[in-house]
Amino acid sequence: MKKCILVLAIVLSSVALFAQGVNFQELTLKEACAKAKAENKLVFIDCYTDWCGPCRLMTEEIFPMKEMGDYFNPKYICIKANAEKGEEGPAIKEKFGIKAYPTFVILNNDGNLIHMFAGGVLGLEFIDKVEESFNPELAFGELQKRYNAGERSKKLTSSYLQALQHTYTTNVGPLIEKFANSLSDDELICEECLFLFDEHARLGSPREKFLTQHVEKFREVVGQDKVDQILNRKYEAYYCGILGKQMAATTTDVEQVNKQLEALHLTGVTSLPLYQAAVATYLTKEGGEALFEMIKKVSGDLENNDIDRFLYFTIPAVNEVWSEDQSKQIVALINKDDIRTRIINTLERQKKTSQPK
């Protein structure tokens, strides 16, 4: 399956259009390795497709940044590979098993894999992702080598599976299940295993219930902030699923979940009350005025990505309970232009479908 991935991170407010960014060279992989060896550098490959939006965003907004050029150009010979055109791009795709775009590959000058990950990362956090190449506990190539050699310590297996899932080259689910099932209850409550309870344990699943039942032990061993952030994401995903009409729920269902959430006493949570109010309005078609005032009051206290994500799911779900003026005021709170445009287009489609024929 073709995948196009964008990881939302910190977006810089401006890009120096004429700054010297990453110097991508017109070289084959063999030529790039040879040049990297001559200059004592590594090789960086941007594997992309023409249809991939995040690939274009990286090319147009991220790689031209001066900070990117300052980081990459002294250390790497950088090349681009179109995964679907010519001979070189498809060959690189096949060699590294690439299935998602963009995928970034870092090699030593002998052409051996050091690190690899998929997904565009906006802003300077992209450099942090590439810098994982120099950490043997994070670099995919090193972890894969040790895993394939038979090493199965809990720390190594955890690190390898997390790096593997970020390559999007294989279905990591069975390997994760095998790893989780090999551990006792006590062994599961640790820093290395926390990822099992994040992306791989939806709300209501046996693994999420285990986390909730042992939440105080997890907080003691791992730290309350880390555990509470994971639980916050789970409940947010649950409410988003209802608002996005990806799951059906009754007011009774939601009230039960709200009670479970309240009992956890999560810290550092600011957006979940908004989601609860939005879901209540969506299900009952009541409370639109109170929700409107609540959003206006607290939107400035949330991070831009948090409020944008909330409004992306909420506005189409509850727009019918607001006046046209209220709807415009809430849409104006969206920070990112592309999200605002999508919401406006969605509202236009809703308006057309609701008109009598």
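Residues numbered from 1 in each chain as written. Predicted model: local features only at pLDDT ≥ 70, side-chain atom pairs only at ≥ 80, totals over all residues. Heavy atoms only, no water.

(A) Structural context of the state of the cysteines. Here the structure, examined in full by the defined rule, presents one disulfide. Here Cys-33 stays unpaired: no disulfide links it, and the sulfur of Cys-78, its closest cysteine neighbor, is 12 Å away. Residue Cys-47 stays outside any disulfide, its sulfur separated by 8.2 Å from that of Cys-55, the closest cysteine. (Disulfide = S-S within 2.5 Å.)

(B) Layout of the nonpolar core. In terms of nonpolar packing, the biggest core is built from 85 residues, with Ile-45, Leu-196, Phe-218, Tyr-239 and Ile-315 touching the most fellow members. Residue contributions to this core peak at nine residues, all from helix H12 (residues 224–243). Those residues in contact with Leu-196, other than ones at most four positions away along the chain, are Ile-176, Phe-179, Ala-180, Leu-188, Ala-201 and Arg-207. Counting 21 residues, the second largest nonpolar core, distinct from the first, contains Met-58, Tyr-71, Phe-72 and Phe-117. (Core = buried A, V, L, I, M, F, W, Y, C linked by side-chain atoms within 4.5 Å. Buried < 20%, exposed > 50% of the residue type's maximum accessible area, 1.4 Å probe, protein only. Helix = DSSP H or I, 4+ residues; strand = E, 2+ residues; numbered from the N terminus. Contact = heavy atoms within 4.5 Å.)

(C) Region of interest: unusual backbone geometry. Look at the link from Tyr-101 to Pro-102: it is a cis peptide, with omega at -5°. Residue position: Pro-102 is located in the loop between strand E5 (100–101) and strand E6 (103–107). We note that Asn-40 has phi near 55°; this positive angle belongs to a residue other than glycine. Looking at the secondary structure, you find Asn-40 in the loop between helix H1 (29–39) and strand E3 (42–48). Unlike most non-glycine residues, His-265 shows phi in positive territory, near 50°. The topology assignment puts His-265 in the loop between helix H13 (251–264) and helix H14 (272–284).

(D) Seen up close, the pairing of E3. The buried fraction of E3 is high, at six of seven residues. Pairing analysis gives seven bridges linking E3 to strand E4 (residues 76–82), with the strands arranged parallel. Its bridge partner being in E4, Asp-46 is matched across the sheet by Lys-80. (Pairing = 2+ DSSP bridges.)

(E) Main features of the pairing of E6. With five of five residues buried, E6 is to be regarded as a mostly interior element. A two-sided burial pattern is seen for E6, the buried positions comprising Thr-103, Val-105 and Leu-107 on one face and Phe-104 and Ile-106 on the other. With five bridges connecting them, E3 and E6 associate as antiparallel partners. In the strand pairing of E6, Val-43 is matched with Leu-107. Direction of pairing for E6 relative to strand E7 (residues 113–118): antiparallel, over a ladder of five bridges. Each bridged residue has a counterpart across the sheet, and for Phe-104 the counterpart in E7 is Phe-117. Between E6 and E7, which pair antiparallel and follow one another directly, the connecting turn spans five residues, one of which, Gly-111, has a positive phi of 85°.

(F) Representation of the packing of helix H6 (residues 140–148) against helix H7 (residues 154–165) in the model. For the pair H6 and H7, the least separation of the axes is 9 Å and the interaxial angle reads 130°. Taken together, the axis directions place H6 and H7 in an arrangement best described as oblique. Considering only the axes of H6 and H7, their crossing is left-handed. Across the interface between the two elements, Phe-140, Leu-143, Gln-144, Arg-146 and Tyr-147 of H6 pack against Leu-156, Thr-157, Ser-159, Tyr-160, Ala-163 and Leu-164 of H7. The residue inventory of the contact of H6 with H7, partitioned by class, reads seven nonpolar, three polar and one charged. (Axes fitted to C-alpha atoms, helices over the stretch in contact; angles between N-to-C directions. Parallel < 35°, antiparallel > 145°, perpendicular 65-115°, else oblique. Left-handed = near helix turned anticlockwise from the far one by under 90°. Nonpolar A, V, L, I, M, F, W, Y, C, P; charged D, E, K, R; others polar.)

(G) The arrangement of the pattern of salt bridges in detail. Tallying each qualifying case throughout the model produces 22 salt bridges. A salt bridge links Asp-110 to Lys-37, with the shortest nitrogen-to-oxygen separation between them at 2.6 Å. On the criterion of sequence distance, the pair formed by Asp-110 in the loop between E6 and E7 and Lys-37 in helix H1 is long-range, its members being 73 residues apart. The residue Glu-236 makes a salt bridge to Arg-309 at a minimum N-O spacing of 2.6 Å. One end of the pair, Glu-236, is in helix H12; the other, Arg-309, is in helix H16 (residues 304–318), with 73 residues separating them in the sequence. When its relative accessible area of 10% is taken as the criterion, Glu-236 is described as buried. Residue classification places Arg-309 among the partly exposed positions, given a relative accessible area of 32%. Each of Glu-137, Arg-146 and Glu-151 takes part in one network of salt bridges that share partners. (Salt bridge = Lys/Arg side-chain N within 4 Å of Asp/Glu carboxyl O.)

(H) View of helix H2 (residues 53–62). Looking at H2, one finds that the buried residues are Pro-54, Cys-55, Met-58 and Ile-62. Looking down the long axis of H2, one finds its buried residues gathered within 110° of arc, a one-sided arrangement. (Arc of directions from axis to C-beta.)

(I) View of the sheet that holds E4. Ordered by their spatial adjacency, four strands build an open sheet running E4-E3-E6-E7, and the pairing between neighbours is mixed. The two strands at the open ends of the sheet, each matched to only one other strand, are E4 and E7. For this sheet, the mean angle separating the axes of adjacent strands, direction not counted, is 15°.

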